[in-house]
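Residue-level listing of the chains:
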Amino acid sequence: MSIFYNKSAQSFRLRAKDTDYIIKVAPCGYLAHVYFGKALPDEDLSYLLRLDENPFTPETNNRDRAVYLDTLPLEFSCFGIGDYREPALKIRTSEGNSTCDMRYKSHVIYSGKPVLSGLPATFSTEESKCDTLEITLYDDVTDVETVLVYTAFEKLNAFARSVRITNKGGKPVTIERIYSACFEFDTNRFDMITLYGSWARERHIERHRLHHGKQEIDSMRGESSHQYNPFNALCSHNADEDNGEVYGFNFVYSGNFRASAEVNQHDKTRFVMGINDMDFSWKLESGQTFTAPEVTAVYSREGIGGMSRTFHDLYRNNLIRGEYRSKRSPVLINNWEATYFNFDTQKLLSIARTASSLGIEMLVMDDGWFGHRDSDNSSLGDWFVYESKISGGLEYLVKSVNSLGMKFGLWIEPEMVSPDSELYRSHPDWTIHIKNRELTMCREQYVLDYSRKEVRDFIYGMIRNILDSANIEYIKWDMNRQLTEVGSSSLPSERQKELWHRYVLGVYELLERLTSDYPHILIESCSGGGARFDAGMLYYSPQIWCSDDTDAFERLKIQYGTSLCYPCCATGSHVSDCPNHTTGRITPFSSRADVALAGAFGYELDITAISENDRKQIPMQIQKYKKYSELVRKGDLYRMGDVFSDCKQVAFMFVAKDKSEALVEYFQILCRPNTRSVMLKLKGLEENAFYYDERNPDFVLSGSALMNCGINIKNLYSDFQSETIHLIRK
Ligand code: GLA
């Protein structure tokens, strides 16, 4: 058991590997935060609360009670009772008041972790166990109960938090804000790291010093978004890849979110994360419960790299499900950049024939195979085969692909409908819309109202028909527009603000049905490239399309940023043609493959039309991917070089957990004339062991020398070059 209750101090110590998280029931029953950091000896740390009087600070029961809510570090702060920092909870009563006051009532500690009803969440496994503490708080006036759920992972410096709210009173109440977690720090000496971006430029890293006031990122787009990923880190000013303290937070959710760090008047920091409360509310009838999604929190004393490795282990061991959790995905070829909408059965089969002869294992038919879709202006929602394009039907195509020894995969975008579709013509009210208001179009499509069961059932019926009609072993689940005019014709007026969240719950419900009815199908999720690369989707899809930008050297930035929180094995990464369709850049075919190697590897080009020279390299590239995929999927990632500021070089290193081998991937972005060779200091090896370079078994150096002095990478001629080095322990 990794959770301990100290009865006399009324405190809880959650121990996750070598990290402690300490909570205490403070005077008057407020749940206070004591400590989050390196594991400490077991002693009473209540003095850290500093329960002194503060001038001009509201306090309960005037000065008799030693609690000053605006300064007390709180585990879950409520609106309206004198804590003027960001509250985690705001509830409106049927009388119209918004104050609530949650005090400790009881707690329970147990091993394992509860399922979060209808939501993705981490779980306990045999190899990576966890324990859970549930603390119940209660507000006597509103009769609302709050259960704070904390999980500590035994072998990882990681915790998970979520919240359940139950209306125990007789009258309905409305939740106007419910964040999933509130973290307090007795310092403001932090930098904040975020992942910002845009279409084709997802998850670039930004870092800035915290200042007084609130600093936040959010999404109001209905998805986690290209613009800000639901990830934040707070780190000491001197933290870098390998040193320093870092706290990482990630929201296991795929819709609107908000994450805010606030430095207050006393130079302390509060960090909150949860569903964005903009245009959100949730009506709770008497007896009803609302469950807020989970936040994962990681602590590292080994810099940003240490934080990433913990997140990777947490998600690989305790979040990703299904058979592809423990096996590599097939090498695929996707026809999108090869053909866009301009394909038919014969074209696909010609791609498949060449691909199979070179060792590619799966053909993925992307957008354009259904309804009468020849461009992005029709047919979403008509999930039946476009017979004149796919002549012979899906069954014939899939059988032909299978007979080449390849698997077959399919693109779908089940959350959308085109105005030009049978579905829209028969059910125009099934879209998310507001009556009498012109509906904004984006990519010529509308969003279906997934809060409605009949809509989900209908779409799922069509998907089932397709999946049952042929041997489909992979699905690319896309989502290509953000939400606007958010209204539902099936919800009463007082529940309209629930739609954003109900939409996400509907998506999760359908994904859950799909994964349990078709457990062997590999799902790769996608959203205009990487607009929904989040831990919520990872629970259903072991891999996620990282970006529509397939330029290898743009990808280095995108994959680097993505790897701050998400494991490389989950990052869909394809070798595409040049000049690159997004940037016009020309890069060597071999470097493109080396970039894709650090992810879920595949091709996205017209394999029948590329040069013979490039084509010839494919079997060797696939062999390389197969050889290293275990290391990439299960090893520890170390990053070197700063791809964002210096633009000269970057390296990824994957080290086996037992340190018996390592793969170094070095990328020279721009060639610098008249420079000496690079001495790249490696990381993560065993100091006292000896390693040899597989290409040159006589080259043997200690882990110590390789890490403290470096490995010599000879000058690479020209821009965008790459080199891979396989080190094996002697
Ligand atoms: C999105 C995806 C692409 C492709 C197109 C098809 O943009 O990110 O990979 O599937 O949709 O329309």
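In the block above lies the structure referred to throughout.
Nothing here was measured: the structure is a model prediction, and the numbers come from that model. Throughout this document, residue positions are counted from 1 along each chain, in the order its sequence is written. Owing to the predicted nature of the model, reporting of local features is limited to residues with pLDDT of at least 70; listing and counting of side-chain atom pairs is limited to 80 or more, with chain, interface and lining totals taken over all residues. Excluding hydrogens and water, the side-chain figures rest on all heavy atoms present in the structure.

Caption draft 1: Representation of helix α7 (residues 499-517) within the structure. Helix and strand labels come from DSSP, where a helix needs a run of H or I of at least four residues and a strand needs a run of E of at least two; each type is numbered from the N terminus. A helix is expected to span 1.5 Å for every residue after the first. Between its first and last C-alpha, α7 extends 26 Å over 19 residues, near the 27 Å set by a 1.5 Å rise per residue. By the burial criterion, the buried members of α7 are Leu499, Trp500, His501, Tyr503, Val504, Gly506, Val507, Tyr508, Leu510, Leu511, Leu514 and Thr515. Working definition: with a 1.4 Å probe on protein chains only, accessible area under 20% of the residue-type maximum means buried, over 50% means exposed, and in between means partly exposed.

Caption draft 2: Inspection of the sheet that holds strand β25 (residues 474-477) at higher detail. Strand pairing requires that DSSP identify at least two bridges connecting the strands. If you walk around this closed barrel you meet the 8 strands as β20-β21-β22-β25-β26-β27-β28-β29, and the pairing is parallel. Between one strand and the next, the sheet's axes are offset by a mean angle of 30°, whatever the strand orientation. Pairing of β25 with strand β26 (residues 522-525), which is carried by 4 bridges, proceeds in the parallel orientation. Bridge assignment links Tyr474 to a residue of β26, and that residue is Leu522. Angles here are taken between N-to-C directions and fall from 0 to 180 degrees, while the axes themselves are lines fitted to C-alpha atoms, restricted in helices to the stretch in contact.

Caption draft 3: A look at the pairing of strand β5 (residues 89-92). Only one face of β5 is buried, namely the one carrying Leu89 and Ile91, since none of Lys90 and Arg92 on the opposite face is buried. Inspection of the sheet shows β5 paired to strand β10 (residues 173-185) by 4 bridges, in the antiparallel sense. Note on β10: the bridge partner recorded for Arg92 is Thr174.

Caption draft 4: How the structure looks around the pattern of salt bridges. In what follows, salt bridge is the name for a side-chain nitrogen of Lys or Arg lying within 4 Å of a carboxyl oxygen of Asp or Glu. Enumeration over the complete set of coordinates arrives at 67 salt bridges. In this structure, Asp367 engages Arg443 in a salt bridge whose closest nitrogen and oxygen atoms are separated by 3.9 Å. With Asp367 in the loop between β21 (362-365) and α4 (393-403) and Arg443 in the loop between α5 (422-426) and β24 (446-447), the pair connects residues that are 76 residues apart, well separated along the chain. The salt bridge partner of Arg443 is Asp376, with a shortest N-O separation of 3.9 Å. Of this pair, Arg443 sits in the loop between α5 and β24 while Asp376 sits in the loop between β21 and α4, and the two are 67 residues apart along the sequence. Several salt bridges share partner residues, and in doing so they unite Glu86, Arg177, Lys214, Glu216, Arg258 and Asp277 into one network.

By themselves, these figures tell us nothing about what the structure is for.
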